[in-house]
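Reading the structure
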Amino acid sequence: MAYYKEVNVGNIALLIIAIAFAVLVLFLVIVLYKVSKTIEEANRTVKLVSSDVDLLLHQADGLMAKANTLLEDVNGKVATIDPLFTAVADLSESISDVNGSTRRLVTRINRPTTGRTATSAVLAAKTAKKILCQKKIRQKRRVVQTLQKQKTILVQKKKLILL
């Protein structure tokens, strides 16, 4: 005797629900498998990015240290050049003074002479030339001294950098 159960609408509905639930579970398993693969890939990417970021941060720190050293060097060189500009300003002021003295001397020489001789004009010109030469020599000495100081400072900085 065969055992047959009666097929009614309730049993068919229950069968459809069971099949739908099995299909839903199958889709959920597939989705969860894909999600786990995506998460594994994301974890690998995060590890790779974090190692790259660590390397970049280390290189950025080195670059910042070198930039700070370079900036200090430039500031030091600018500070050593300041006396040179001061010396050049002094030199230009002295030259301006000499030019004014020369103009006054030429004006005096060009005035009509009353009892003055040509030798006094030559003597005045020689005196003016001597004064001009002395001022130029003093200014050149100041510039040379400034440059020597700068050279000494730069040599000391170079030694410190090489250490």
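Overview of the structure.

From N to C terminus, the protein includes two helices and zero strands. Carbon and sulfur atoms form 68% of the exposed surface of the protein, whose accessible area is close to 14200 Å².

What follows is about the pattern of salt bridges. Counted under the stated rule, the structure contains two salt bridges. With a shortest N-O distance of 2.9 Å, Glu 41 and Arg 44 are connected by a salt bridge. On the criterion of helical spacing, the pair formed by Glu 41 and Arg 44 is a turn pair, its members being three residues apart in helix H1 (residues 9–110). Here Asp 73 ties to Lys 77 by a salt bridge, and the two come within 3.2 Å at their closest N and O atoms. Of this pair, Asp 73 and Lys 77 both sit in helix H1, four residues apart, which is roughly one turn of the helix.

Attention shifts here to the side chain of Gln 139. Considering the arrangement of structural elements, one finds Gln 139 in helix H2 (residues 118–162). Non-local contacts of Gln 139, meaning those with residues more than four positions away in its chain, are made with Ala 87, Asp 90, Leu 91 and Ser 94.

Before going further, it helps to spend a moment on the side chain of Thr 146. Note on placement: Thr 146 falls in helix H2. A polar contact is formed between the side chain of Thr 146 and the backbone oxygen of Arg 142, at a distance of 2.8 Å. When near neighbours in sequence (up to four residues on either side) are disregarded, Thr 146 contacts Thr 80, Pro 83 and Leu 84.

Each value, and the rule that gives it
- Residues numbered from 1 in each chain as written.
- Predicted model: local features only at pLDDT ≥ 70, side-chain atom pairs only at ≥ 80, totals over all residues.
- Heavy atoms only, no water.
- Helix = DSSP H or I, 4+ residues; strand = E, 2+ residues; numbered from the N terminus.
- Areas by Shrake-Rupley, 256 points an atom, 1.4 Å probe, with all protein chains shown as cover.
- Salt bridge = Lys/Arg side-chain N within 4 Å of Asp/Glu carboxyl O.
- Contact = heavy atoms within 4.5 Å.
- Polar contact = N/O pair within 3.5 Å; in protein donor to acceptor, adjacent residues only side chain to side chain.

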